[in-house]
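Each chain, written out:
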Amino acid sequence: MMLAGLTVANIVGVPLGTLLGQNVGWRWPYVAVALIGLGTFAATVAWIPRDRPTRHASVARELSALTKLQVWLTLLIGAVGFGGMFAAYTYITPTLTTLGGFSERAVTPLLAVYGVGMTLGIVLGGRLADRSLRWTLVGGLVYAMVILGTFAWLVTNQVTAVVGVLLLGTVGSLIVPALQTRLMDVAHDGQVLAGALNHSTLNLANAAGAWLGGLVLAAGYGYEWPARVGVVLALAGLGACAVAFGLEDRSRRR
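Residues numbered from 1 in each chain as written. Predicted model: local features only at pLDDT ≥ 70, side-chain atom pairs only at ≥ 80, totals over all residues. Heavy atoms only, no water.

Draft legend 1. The arrangement of the packing of helix α8 (residues 133–154) against helix α10 (residues 176–187) in detail. The geometry of α8 relative to α10 is characterised by a closest axis approach of 9 Å and an angle of 140 degrees between their N-to-C directions. The orientation of α8 relative to α10 falls into the category oblique. Crossing of α8 over α10 shows left-handed handedness. Packed against α8, whose contacting residues are Leu 133, Thr 136 and Leu 137, the element α10 presents Ala 178, Leu 179, Thr 181, Arg 182 and Asp 185 at the interface. Among the residues forming the contact of α8 with α10, the class breakdown is 4 nonpolar, 2 polar and 2 charged. (Axes fitted to C-alpha atoms, helices over the stretch in contact; angles between N-to-C directions. Helix = DSSP H or I, 4+ residues; strand = E, 2+ residues; numbered from the N terminus. Parallel < 35°, antiparallel > 145°, perpendicular 65-115°, else oblique. Left-handed = near helix turned anticlockwise from the far one by under 90°. Contact = heavy atoms within 4.5 Å. Nonpolar A, V, L, I, M, F, W, Y, C, P; charged D, E, K, R; others polar.)

Draft legend 2. Here's a closer look at the pattern of salt bridges. Across all of its chains, the model carries 4 salt bridges by this definition. Between Arg 134 and Glu 248 there is a salt bridge, with the nearest N and O atoms lying 2.8 Å from each other. One end of the pair, Arg 134, is in helix α8; the other, Glu 248, is in helix α12 (residues 225–253), and 114 residues separate them in sequence. On the basis of relative accessible area, Arg 134 is assigned to the partly exposed category, the value being 26%. Between Arg 252 and Glu 248 there is a salt bridge, with the nearest N and O atoms lying 4.0 Å from each other. You can see Arg 252 and its partner Glu 248 sitting in helix α12, 4 residues apart, about one turn around the helix. Connected through shared salt-bridge partners, Arg 134, Arg 182, Glu 248, Asp 249 and Arg 252 make up one network. (Salt bridge = Lys/Arg side-chain N within 4 Å of Asp/Glu carboxyl O. Buried < 20%, exposed > 50% of the residue type's maximum accessible area, 1.4 Å probe, protein only.)

If you want it as structure tokens, here you go:
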């Protein structure tokens, strides 16, 4: 449910924040976020019941997840493979205005379209993960390569740009349920820590993807290139999948 909340936030929060910044200044979205955070904190204290301590939970059991190679490989899949989407999404506004000819105000509803794509991706990704974690991860990364590879072409037309933004949103969430579930499976006794690390890894992917996308722009390449960097990152994620699954199969045969 938390992952679904994040996707819905992109439908409402990101467009409204962009609109607020465009009309009253870039500082005010931060003020709005701070006020929402205070409200959320107050609601949590008021309405969320206190958890009773789990009898078998301990710091040592949770930290045991860090001793497992498959945990690190799964985190690597998320950090590298998921970073490709952020390489494109971080620069989506100048990409749409430069390549697609959209005005800055027209980008605001397109950000809501991206949020709809994220929501669709999380729902579909959860269903696919129930069927096969492996094929969801592999297929999701291949799908990411296709969408990122064609994104610059899609946004050059204002009709196909809407489709491209929607599909880019699905790239951003399709593999997340499979990543989360696989981490819980391979962490064994350290599932709580593994679940937290998954979100930390996605934030790392955000930073790394944005940085690499910025590097190609700083080098003088056009806004077609951040998404192309994303293709390389998704391919690296596939490589991490191959290593993780290969080692897992070898261990099972033994």
